Structure formats: structure tokens, C-alpha cells
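# Fold and contact review
These are the residues of each chain, in order.
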Amino acid sequence: MTSQNFKQRKTQWSFDLSALAAVVLVATQVLSSNAMAWGILASSEDPASAVGGARLAHAVLVKKQIRYCIGNYDPKEYDTVSISIQVEAALSLWLAAANYRLSDVPVIKEPCGSDPSELRIIISPNNPNSGQYGASTAVWLIGQSYHPQIDFDANYQFVSSNGTNAPIFDFKDFVGDLAQSLGRLNFGIMQAVRYVSFENHLGSADVARLVDTAPDVIFHSTYSVLIHEMGHAFGLCDTYVGSNHCAPGWPPPEDQPDSVMKGNGDFFLSPDDIAGIRGLFDHYRRLMQK
Ligand SMILES: [Zn+2]
């Protein structure tokens, strides 16, 4: 299946990036003046526990590295090289927000084996671990040690607002349309993740307009999902209404601001996500000094 199946009728609306950047800037200033909320996973609260110690925040502080592996059991629909670029970009967003550079924390790709990496990404058809939305993060015991694992169901389908059944697309499937829309040459997955996350701070709806599809098709695609799931791998909890796995004492979802961890589908971190990842690292540092 290709993203072409999900094309919408062309609209006359023209997309003005500089106007968007101004809106993002204003929104950021307004948000920063409010108190932050976010929350950490109840299971991350104690880094001395096997599960809490498996979180990526712990790996960064103690092992000072993140080895990751990708188990891709549907290579026809998902491109392993493209997924690894998306994984590293998602890691880079969170690490930069926590005041780390990739050169401070080596991110090393390796094959999935019995000696578990600090992070595993599993993509497989009818994946029983992927949860009700087709993607999920949990801590797993492999051999003698625990590690976070992000699971995707390659056969997951949802009814998009296009009215069509849509799968979780490899974000790479939209790169051609994005390049065309932007009038860019030599524009691959690397340039695409840079464009949406680091250079322009786009949300799912912005990218959907550019590639002419429904926002939820982009929202459910691999890169957007990886950015959110990576927050769980580090140790943050969902803050959207209906979530119930945050540690006690954090503000309830109704009081939580817009963020990636609230499920906004953005390709950049909100002020609340940034406060969250910094607060999570501080929390781990404090507990580990005891
Ligand atoms: Zn989540």
C-alpha cells in the first residue's frame, strides 16, 4: 500500500511557513508562562527497580550510551534504514531537550540479540504487544536484563478521516510528496525529519496539508508515533484524558497542557515535554544519589 491511496482533494489554501513559525513562537511564549505539568510513569519512579532502571533516562545517566536494535518483520512496508533514521531523530529530540548532545550519549545501532540493547523497536504483523492503537512501549525481560521495547503492529488499521482504512505508514512513504510540495531536490528521509522536527517545528496537520492527506494518517505514521513512544522509553507517562499510568502526585490529565505526551502528534517537543524530560532526569539523579 502506498500513501497515494490517501490523497485528498487539492485545496486552494496555500501554506505559509513563516506565518506558522510566528504562530509557534507566540504559542511557545504563552505556554512557557504557565506552570508545567507532565508526569513520569509509575513504573519509572524508582530507578533501582528492574523496570525503572530499564528506562532510557537511566541508561543515559549510568551506561552513558544507548544501544538500540530494530526487529523489522515486515521489510516490504517498512524500510529498516528509514526507521533507524527516525529512531535516531526521535532520540535526538528528547536528548537535546534534556541538555544532552548525541556526541555526549553515543547512540549505537546493533542487531537484536539475546544480550538486550538499551532499546528495542519491533515491527511485526499482528504484533500482540502493540496495544489498541497499533503501537506501544513496555519494559521487557530478555535473558537476565530489562529494557524498553517499542512495538508496532504492521497490520494495524484505522478508519482515517479520509473515510479510508489506513495503516501505520512508514514516514518515508510521504517523503516524495513532501519534496514535491516543497520544491526540493535531493530530499530524503533524513532531510524530511530535519525539516519537520528541527527546522520548522511542524505538527501532523501541517505535514498532512503539505502531502495532501488526512492529519490522522500522518499522526499514526511511524515518525510521529516514535517521538511519542520514545517519551515512554525515557520514562514519561501519557498526559491525555483517560490515561492512568502516571505516578501518583502528578497533575491530572484535565490540567495537563498540550504536548507530545498528551498525544498532539507534533514533530517537535512542547515546553511541557521539555520540562518533563528535564524533570525526569533530575528525579532520577536525586533518587540515585540516595
Ligand atoms: Zn503513550
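Here the residue numbers are simple positions, counted from 1 along each chain's written sequence. Reporting of local features is limited, given that this is a predicted model, to residues whose pLDDT is at least 70; pairs of side-chain atoms are given and counted only at 80 or more, and all residues count toward the totals for whole chains, interfaces and linings. Values reported for side chains reflect all heavy atoms of the structure, with hydrogen atoms and water molecules removed beforehand.

Okay, the coordination of the zinc ion next. At the metal site, the zinc ion is ligated by His 228 (NE2), His 232 (NE2), Asp 238 (OD) and Asp 238 (OD), and these contacts range over 2.0 to 2.7 Å. The donor set covers N, O and S atoms within 2.8 Å of the metal, switching to 3.2 Å for Na, K and Ca, and it leaves out water, so a site may look short of donors. The geometry test gives tetrahedral to four donors whose angles all lie between 85 and 135 degrees, gives square planar to four donors and octahedral to six donors whose opposite members are over 155 degrees apart with all other angles between 65 and 115, and gives irregular to the rest. Around the zinc ion sit four donor atoms, and with donor-metal-donor angles ranging over 53 to 137 degrees the site reads as irregular. The class for His 232 is buried, based on a relative accessible area of 5%. Working definition: with a 1.4 Å probe on protein chains only, accessible area under 20% of the residue-type maximum means buried, over 50% means exposed, and in between means partly exposed.

Our next topic: the packing of aromatic side chains. In this analysis, rings of Phe, Tyr and Trp, with Trp reduced to its six-membered ring, are considered paired at centre separations within 6.5 Å, and the interplanar angle assigns stacked below 30 degrees, edge-to-face beyond 60, and tilted for intermediate values. On inspection of all chains with the given rule, the structure shows ten aromatic pairs. Note on Phe 171 and Phe 267: the rings are 5.3 Å apart at their centroids and 45 degrees apart in plane angle, and the pair reads as tilted. One end of the pair, Phe 171, is in the loop between strand E7 (165-167) and helix H5 (175-182); the other, Phe 267, is in the loop between helix H9 (222-234) and helix H10 (271-289), and 96 residues separate them in sequence. A single burial state applies to Phe 171 and to Phe 267, both of which are buried. When the ring of Phe 234 is compared with that of Phe 281, the centres are 6.3 Å apart and the planes differ by 55 degrees; the resulting orientation is tilted. On the criterion of sequence distance, the pair formed by Phe 234 in helix H9 and Phe 281 in helix H10 is long-range, its members being 47 residues apart. On the basis of relative accessibility, which here comes to 1%, the residue Phe 281 falls in the buried class. The rings of Phe 169, Phe 171, Phe 174, Tyr 223 and Phe 267 are connected pair by pair, giving a single aromatic cluster. Numbering goes from the N terminus for both helices and strands, where a helix is a DSSP run of H or I of at least four residues and a strand is a run of E of at least two.

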